[in-house]
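# Fold and geometry: a report
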Amino acid sequence: MTNKTSRRQFISQSTLSAAALTASAPLAKAETESMVSAPAIDTSKRRVLGANDRINFGFIGMGGRMGSHTSYAFKRQKEQGDVQCVAICDIYDKNKKRGQKQTGVEDKNIHHDYRELCSRSDIDAVFIATPDHWHARQAIAALDQGKHVYLEKPMTYTIDEARDLARKIAETKLQLQVGSQHASELQYWKTRDVIAEGAIGKVLWASTSYARQTPIGEWNYYTIDPDTEANEKTIDWKSFLGYAKKRPFDKDRFFRWRKYWDYSGGIATDLFYHRLSPIMIAIGQPEFPSRVMAGGGIYSPVDGDIRDVPDTYFTSVEFPGKYAILIGSSMLNATGFANGQPQLIRGTKGTVYLEGKVRIVPERPYRDEFKKKYNTEELVIEPSGEYQGKPWTSSHQGNFINAVRGQEAVHFDADLGYKAMVAIRLGVDAYRSGQVMYFDRSREKATNRVTLA
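Residues numbered from 1 in each chain as written. Predicted model: local features only at pLDDT ≥ 70, side-chain atom pairs only at ≥ 80, totals over all residues. Heavy atoms only, no water.

## What about empty space enclosed by the protein?
In total, this model carries three cavities of 30 Å³ or more according to the counting rule given. Size it by volume and the largest cavity reaches roughly 50 Å³. Ala268, Phe272, Leu276, Tyr313, Thr315, Val317, Ile327, Ala423, Ile424 and Gly427 are the residues that line the largest cavity. For the lining of the largest cavity, the secondary-structure elements that each account for two or more residues are α12 (267–283), β9 (312–319) and α15 (414–433). (1 Å grid on protein atoms, 1.4 Å probe; cavity = no way out; pocket = protein on both sides within 12 Å on 5 of 7 lines; lining within 4 Å. Points joined across faces, edges and corners; volume = space filled by probe spheres on them. Helix = DSSP H or I, 4+ residues; strand = E, 2+ residues; numbered from the N terminus.)

Okay, here's the thing in structure tokens:
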């Protein structure tokens, strides 16, 4: 195991700009190009679904997070019969057994190579819950075989991957749901409507947080299986690394991969993605960021801990529409977890408090105007089961299923995923390099220089 490089050492030793960081990892240039120029979509693998046909699912990555998706699908399979668990895929023997128990698939439907699962003609949609650095490659493999995709957040690992995946969705017209379930919370969509009608004037800035209390160090609570179960014979280490930096077999990296820059963006990609994206929905007309700053660090080191990523992290994301979103969290103080701390969107005329319900409070100079318009001094909206006159699908997986059937749009599409990914990744690169990061929208490229695009 190599010694961890401190952030100070990283900044002093690095000769690359933060923009180069974004472009270079995890894929080499040739591999990036091969992903962009993928084979034509195999339309023969796309099954035309009738109104009463079951949607057949394949699952890639049978770790802890996938359990929520398999349990949803298997329960729905038993109770409603409109979906079916067909096949699973993993590179760890124990996870294959766990996935089989969760889905009930036969031995012949357990795959080691995700490409084999994606090529099956009897699968309509694929759920992907693997380490971040594999998201884009696996999603594009599924799309190229005509499969709809439910892709766990973050949508990708790099900005270039997010761009290519968004383009692939536009090309294929298939459904892709980014797996941040908070995007299906009705409060954000209700907020979008009241902001659009001018309830708070022009949006200025929003603030939010997603914190945890983990005394042993975040992600160190992920269980590392004993050598009798997890070893170089039962784990395909080469497949885990993929196009990330080659390293010796390391169980900590396999089971606690979120701690390492090679495979993850730490707090930013694990938690901030859940907060940033719904706020972007609520503000409306999501944009690419224009400037991103970040700070933080390992403020309270844990003895013997070898993580790369910070335990406390802050980012400021500015947008061309002249507003900003500020997010800050620590993994050592849980204030701000879930809805423990109000999420606020501040405008020139008022403020939205996102508290499960939506509460709008006018600024003092606009109280009379607000009361005349809404006949109340504070407007409180209790999210109901309907939105704009239609039943609201609060289940993120259920929304995906409805979208595959053509009944509604996904709540978190690839376009929003791309824009959010740019903001998240620029924050990671700003933190690691100590530079302010910008996004050149005309070239769709990250840069550490101000652009006029």
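## Considering the pattern of salt bridges
Between side chains of opposite charge, pairing is possible as soon as their charged atoms come close. Inspection of every chain in the model, using the stated rule, returns 34 salt bridges. Linking Arg163 and Asp164 is a salt bridge whose minimum nitrogen-to-oxygen distance equals 3.1 Å. On the basis of relative accessible area, Asp164 is assigned to the buried category, the value being 5%. Linking Arg247 and Asp262 is a salt bridge whose minimum nitrogen-to-oxygen distance equals 2.6 Å. (Salt bridge = Lys/Arg side-chain N within 4 Å of Asp/Glu carboxyl O. Buried < 20%, exposed > 50% of the residue type's maximum accessible area, 1.4 Å probe, protein only.)

## Section: the nonpolar core
Within soluble globular proteins, side chains that are nonpolar tend to cluster in buried spots. In this structure, Met155, Leu176, Ile325, Ile345, Ile360 and Tyr418 are the most contacted members of the largest nonpolar core, which totals 88 residues. The element that contributes the greatest number of residues to this core is α15, accounting for 12 residues. The contact partners of Ile360, leaving out residues within four places of it in the chain, are Val194, Ala199, Ile200, Thr351, Val352, Phe370, Glu378, Leu379 and Ile381. Core analysis: the second largest hydrophobic core is formed by 19 residues, Ala125, Phe127, Phe400 and Val404 among them. (Core = buried A, V, L, I, M, F, W, Y, C linked by side-chain atoms within 4.5 Å. Contact = heavy atoms within 4.5 Å.)

## Here's the deal with the sheet that holds strand β6 (residues 176–179)
If you trace the six strands from one edge of the open sheet to the other, you get β3-β2-β1-β4-β5-β6, paired in parallel fashion. Here the strands that pair on one side only, and so sit at the sheet edges, are β3 (110–111) and β6. (Pairing = 2+ DSSP bridges.)

## As for the packing of α12 against α15
The geometry of α12 relative to α15 is characterised by a closest axis approach of 10 Å and an angle of 130 degrees between their N-to-C directions. When the axes of α12 and α15 are compared, the pair comes out oblique. α15 is crossed by α12, and the crossing has right-handed handedness. Between α12, through Ala268, Thr269, Phe272, Tyr273, Leu276, Ser277, Met280 and Ile281, and α15, the contact on the second element is made entirely by Leu416, Gly417, Lys419, Ala420, Met421, Ala423, Ile424 and Val428. (Axes fitted to C-alpha atoms, helices over the stretch in contact; angles between N-to-C directions. Parallel < 35°, antiparallel > 145°, perpendicular 65-115°, else oblique. Left-handed = near helix turned anticlockwise from the far one by under 90°.)

## What to know about the pairing of strand β2 (residues 83–89)
Here β2 lies mainly inside the structure; six of its seven residues are buried. The sheet contact formed by strand β1 (residues 55–60) and β2 spans six bridges and is parallel. Across the sheet, the residue bridging to Phe59 is Ile88, located in β2. When β2 meets β3, the two strands line up parallel, connected through two bridges.

## Some points on the sheet that holds strand β13 (residues 357–362)
The strands making up a sheet associate through hydrogen bonds between their backbones, and the pairing can be parallel or antiparallel. A sheet is described by the order of its strands in space; here 10 strands give the open sequence β14-β13-β12-β11-β7-β10-β9-β8-β17-β18, paired in mixed fashion. In this open sheet, the two strands that pair with only one neighbour each are β14 (379–381) and β18 (445–447). When strand polarity is set aside, the average angle formed by the axes of neighbouring strands in this sheet is 15 degrees. One ladder, built from seven bridges, connects strand β8 (residues 291–297) with β9; its direction is antiparallel. Bridge pairing links Met293 to Ser316 in β9. Taken strand by strand, α12 contacts β7 (203–208), β9, β10 (323–330), β11 (343–347) and β12 (350–355), and its axis lies near 150 degrees from that of β10.

## Concerning the environment of Ile424
Of note, Ile424 is situated in helix α15. For Ile424, a relative accessible area of 5% corresponds to the buried category. Separated by 267 residues in sequence, Ile424 and Tyr157 place their C-alpha atoms 9.6 Å apart. With residues near it in sequence (within four places) discarded, Ile424 still touches Ala268, Thr269, Phe272, Tyr273 and Leu276.

That's the geometry; what it means functionally is another story.
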